[in-house]
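Descriptive structure summary
Here are the chains, one letter per residue:
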Amino acid sequence: MRSEIERLVELDRGHVLVTRIASVLSWDQETYMPVKGIEERAEQLAFLEGLAHEKLTNPEIGSLLHALGSTKANPLGHDSLSPDERAYLRVLRRAYDRETCLPIDLVKDTARTIALSQGAWVEARSKNDFAAFAPWLEKMLSLSRSKAACIDPDKPAYDVLLDLYEPGSTEADIARVFVDLRAELVKLLGKINSKPQVDDAFLHQECPAGRQAAVSRWLMDLLGLDKDRARLDVTAHPFTSTLGSDDVRITTRYVGDFLPSSVFSTIHETGHALYELGIDSPAPFRRSKLSEAASMAMHESQSRLWENMIGRSAGFWKPNLAKLHSLAGPILDGVTLDSFVRAINRVEPSLIRTEADEVTYSLHVILRFEIESDLVSGRLAVKDLPGAWNAKMVELLGVEPPDDSRGCLQDIHWAIGYIGYFPSYALGNLYAAQLWDRLRETLPNAAASLERGDVAGVREWLREKIHRPGSTWLPGELIERATGKDLEAKHFVAYLNEKYARVYGF
Ligand code: CO
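Residues numbered from 1 in each chain as written. Predicted model: local features only at pLDDT ≥ 70, side-chain atom pairs only at ≥ 80, totals over all residues. Heavy atoms only, no water.

The next subject is the pattern of salt bridges. Tallied over the entire structure, the rule returns 40 salt bridges. The shortest N-O distance in the salt bridge between Arg93 and Asp97 comes to 2.9 Å. Remark: Asp97 and Arg93 occur in helix α4 (residues 83-100); sequence separation between them is 4 residues, near one turn of the helix. For the salt bridge of Arg346 with Glu348, the shortest nitrogen-to-oxygen distance reads 3.0 Å. We classify Glu348 as partly exposed; its relative accessible area is 40%. The network of salt bridges with common partners includes Arg182, Glu370, Lys392 and Glu395. (Salt bridge = Lys/Arg side-chain N within 4 Å of Asp/Glu carboxyl O. Helix = DSSP H or I, 4+ residues; strand = E, 2+ residues; numbered from the N terminus. Buried < 20%, exposed > 50% of the residue type's maximum accessible area, 1.4 Å probe, protein only.)

Before going further, it helps to examine the domain arrangement of the protein. According to the domain assignment, the protein contains domain 1 (3-153) and domain 2 (171-504). On a C-alpha basis, the centres of domain 1 and domain 2 stand 26 Å from each other. Facing 39 residues of domain 1, the contacting portion of domain 2 comprises 45 residues. Summed over the three residues of domain 1 that lose the most area to domain 2, namely Arg20, Trp27 and Phe130, the buried surface amounts to 20% of that side. At the surface where domain 1 touches domain 2, the tally comes to 2 salt bridges. Arg90 is the salt-bridge partner of Glu477, the closest N and O atoms lying 3.1 Å from each other. (Domains from an automatic or database assignment. Contact = heavy atoms within 4.5 Å. Buried area = accessible area lost by both parts, 1.4 Å probe.)

A separate point is empty space enclosed by the protein. Any empty space left between atoms is shown by rolling a water-sized probe over those atoms. In this structure the tally under the stated criterion is 1 cavity of 30 Å³ or more. Each pocket or cavity is described by its volume, and for the largest cavity that value is around 40 Å³. Listed by contribution, the elements that provide at least two residues to the lining of the largest cavity are α8 (171-193) and α21 (490-504). (1 Å grid on protein atoms, 1.4 Å probe; cavity = no way out; pocket = protein on both sides within 12 Å on 5 of 7 lines; lining within 4 Å. Points joined across faces, edges and corners; volume = space filled by probe spheres on them.)

Take the sheet that holds strand β2 (residues 240-244) next. Pairing is mixed in the open sheet, where 3 strands are placed in the order β1-β3-β2. A single partner strand is all that each edge strand has here, and the edge strands are β1 (230-234) and β2. Taken over all neighbouring pairs, the strand axes of this sheet differ in orientation by 25° on average, direction set aside. Pairing of β1 with strand β3 (residues 247-252) involves 5 bridges; the strand directions are parallel. Looking at the pairing, Ala230 lines up with Val248 of β3. Strands β1, β2 and β3 of the sheet are contacted by helix α1 (residues 2-31), whose axis makes an angle of about 140° with β2. (Pairing = 2+ DSSP bridges. Axes fitted to C-alpha atoms, helices over the stretch in contact; angles between N-to-C directions.)

To continue, consider the coordination of the cobalt ion. The reference angle at a metal is 109.5 degrees if four donors form a tetrahedron and 90 or 180 degrees if six donors form an octahedron. Within the protein, His268 (NE2), His272 (NE2) and Glu300 (OE) serve as the donor atoms for the cobalt ion, at 2.1 to 2.3 Å. Judged by its relative accessible area of 2%, Glu300 is buried. (Donors = N, O, S within 2.8 Å, 3.2 Å for Na, K, Ca; no water.)

Here we come to α8. With 23 residues, α8 should cover 33 Å at 1.5 Å per step; its first-to-last C-alpha distance of 31 Å lies within 8% of that length. Listing the buried residues of α8 in full gives Ile174, Phe178, Leu181, Leu185, Leu188, Leu189 and Ile192. Contacts from the buried residues of α8 go to α7 (157-165), α15 (358-377), α17 (423-442) and α21. (Expected span 1.5 Å × (residues − 1).)

Another point: the packing of α15 against α21. Relative orientation of the contacting elements α15 and α21 amounts to 140°, with a least axis distance of 10 Å. The orientation of α15 relative to α21 falls into the category oblique. Here Glu358, Val359 and Ser362 of α15 come into contact with α21, specifically with Phe492, Tyr495, Leu496, Lys499 and Tyr500. Its residues assigned to classes, the contact of α15 with α21 shows 5 nonpolar, 1 polar and 2 charged. (Parallel < 35°, antiparallel > 145°, perpendicular 65-115°, else oblique. Nonpolar A, V, L, I, M, F, W, Y, C, P; charged D, E, K, R; others polar.)

Put into structure tokens, the structure is as follows:
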């Protein structure tokens, strides 16, 4: 049986190899490729997608899974296998089943469309031209519906798409969590709005990109991101991409008159990169699918925990503000720790999700969740998206986008086929808060260590509990093992209420 597992890993590694080569090309497309490279790059990516599809749908994988007792009903396979082997079979069974139901033409068409649609989105956003992007969104939606119908024709398309990113989740489950969350957020916003607004004018002074870049490099170092295994570049929408087990790329963006944009993007993406680099599967499973993160929401929990629970706390900045001041320059002259921490936690409904504070952030996600569900089901036509978007912005956040660039064109996700992905962002906040509570229970000195400038204890706890196992456990199992409980929204709600009572004084 060992030789069958070995052969499975060998075949799987061939697939992982191709997907990571494709990641190199996608990363290059977003960072350095000249604009006219797009047509041929689209062909290159489509070719690799086709190749990856062939690798993963190799019938030999199906036969080996079957021989090892792994079926749809019992993905873990024979009882006699080790826990790691059984976890591996579950991961591979899920990937194999999902891929084998997709026709090769759909896979290639999707890859080609994503590359072109992404280019169209960049141009449409820069020209505030929704009409130019609409046909591409139409096509992405249609491809996503086809994909969902292939994977499970008996389930609503949106449920199938959600399950791709967060195994086991359904629209109904998420809607239930979001209803409570929305109510709590609205209540908290009301309390905050009854208090005088925090002054963050000093953060809106000009801080040159060169200084911000130095800040970003320092932060990556401070959080313990290995420079020999990671690098930083600049893109419109910050992201993290894994090109190899020892090569993770992150990006940030420099907004001249808002230093926090790069500070928190860099901390956020560093959190993602620490997760990727912290995965440590047993040797036989390195570079296999067992060495991938548990889910998108679990990934987001790591970035948000570093960005918010740590990166926006007084404890973190107490030993680090002076260094930030020296790198960022005059904009922080005379700024005290208290006024800095209050300013970086200012709550104000705004147009852009990625710049949103922790209270309104999840309202942005709820908006996208409701809209994409309507788009996928056909209840909302693509041509009506700008109007629906703007109306919901007013309803949920009380602000109206002045143009589509800052409205429905702001996010890249739908352009690259990430439909069903957004809820992960809000679920990530919930995981993060629950982990943060548990971390401080089991590491009573965590707060004191942070105040001494030592983040290693926190990083190692997360590595041990969340990063190291990769996808050995389903996300629901992982949070249960790490915290002793199923996912609950109450940790996040309590965290926000406690924090903002301090920031706004109620
Ligand atoms: Co993220």
